[in-house]
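What follows is each chain in one-letter form.
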Amino acid sequence: MPPVVVGRWVSSKCEIRPGPEFLIRDYTFYKNSTFSAVQYYYADIFCTSASYALVSTGEFTFDQISWIVPGGVEVDYTLQQVIIMGYTDKGTDTLYRNINRTCAGLGRAKWVPYRIYEIFTFMEVARSKGNNADLLFLDKDCTAAINFAIHELQLMRVEVWRMYDSTSVTKLYLGDVHTDMGVRKSYRPTAYQVALHSVDVSITQTRDVIA
């Protein structure tokens, strides 16, 4: 049986990744097998000074029990959209310069804080031609500048922890992230990250693609 992941899952504390990167994750999985993964990045080890946020959306399907990681289930996912938003003038300007350097033309106008910018798109859009219809593929990837990958979704495990006061805590373990930021896009998880904690497992609505 695949793990029950429908609902919202969040970090229990500020997480530290090689780089270093300081972030808080806030992921939601929906009943129609879509997801929305929000990552808040910070400038300090306590996650008090916000730098920028990434919102990734897409679809996922469970594949098979992992032969490499005990208790894990391998997952296939399709990334459909990634948007980014800076919180400070300095941080937003750095994002603008880095992304424009590797994806020229995206930043025709200087970026400003608290405005969202699309840096990845892969969607199938129906297009009519007279009495016929076909699919138009929208494809854009400007994520290399920030070494973005969300392959952690390729491995999942859910655990229910029984507490001493008869309550329970449900945790979601996703795949680990490679310590070398340069190879994250090609890395497949072989272990787990620190767990995300369940906030609400009663999500019933579907996710809408952000236009």
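Reading the values: rules and limits
Residues numbered from 1 in each chain as written. Predicted model: local features only at pLDDT ≥ 70, side-chain atom pairs only at ≥ 80, totals over all residues. Heavy atoms only, no water. Helix = DSSP H or I, 4+ residues; strand = E, 2+ residues; numbered from the N terminus. Buried < 20%, exposed > 50% of the residue type's maximum accessible area, 1.4 Å probe, protein only. Salt bridge = Lys/Arg side-chain N within 4 Å of Asp/Glu carboxyl O. Polar contact = N/O pair within 3.5 Å; in protein donor to acceptor, adjacent residues only side chain to side chain. Contact = heavy atoms within 4.5 Å. Core = buried A, V, L, I, M, F, W, Y, C linked by side-chain atoms within 4.5 Å.

Caption draft 1: Up close: the environment of G7. When you line up the elements, G7 lands in strand β1 (residues 7-10). Since its relative accessible area comes to 0%, G7 is described here as buried. With 23 residues separating them in the primary sequence, G7 and Y30 have C-alpha atoms 6.5 Å apart.

Caption draft 2: The arrangement of the pattern of salt bridges in detail. Taken as a whole and assessed by the stated rule, the structure comprises nine salt bridges. For R25, the salt bridge identified is with E152, shortest N-O distance 2.9 Å. Pair noted here: R25 is in strand β3 (residues 21-29) and E152 is in the loop between β8 (132-141) and β9 (155-162), with a separation of 127 residues, a long-range link. Pair check on accessibility: R25 and E152 agree, each one buried. For K140, the salt bridge goes to E118, with nearest N and O atoms at 3.1 Å. Here K140 is found in strand β8, whereas its partner E118 is found in strand β7 (residues 117-129), with 22 residues between them in sequence.

Caption draft 3: Main features of the side chain of Q193. Here Q193 shows up in the loop between β10 (168-174) and β11 (196-200). Classification of Q193 by relative accessible area gives buried; the value is 13%. Side chain to side chain, Q193 and R17 meet in a polar contact 3.2 Å long. Apart from residues no more than four positions distant in its own chain, Q193 is found in contact with E15, R17, R25, E152, Y173, L174, G175, D176 and V177.

Caption draft 4: Layout of the nonpolar core. Core analysis: the biggest nonpolar cluster contains 33 residues, and F29, L54, I84 and I119 have the highest contact counts within it. Those elements that place two or more of their residues in this core are β3, β4 (34-42), β5 (50-65), β6 (73-86), α1 (89-102), β7 and β10. Element by element, the count of residues in this core is highest for β6, at five residues. Contact partners of I84, with chain neighbours within four places excluded, come to Y52, A53, L54, L95, I99, W111, R115, I116, Y117, I119 and I146.

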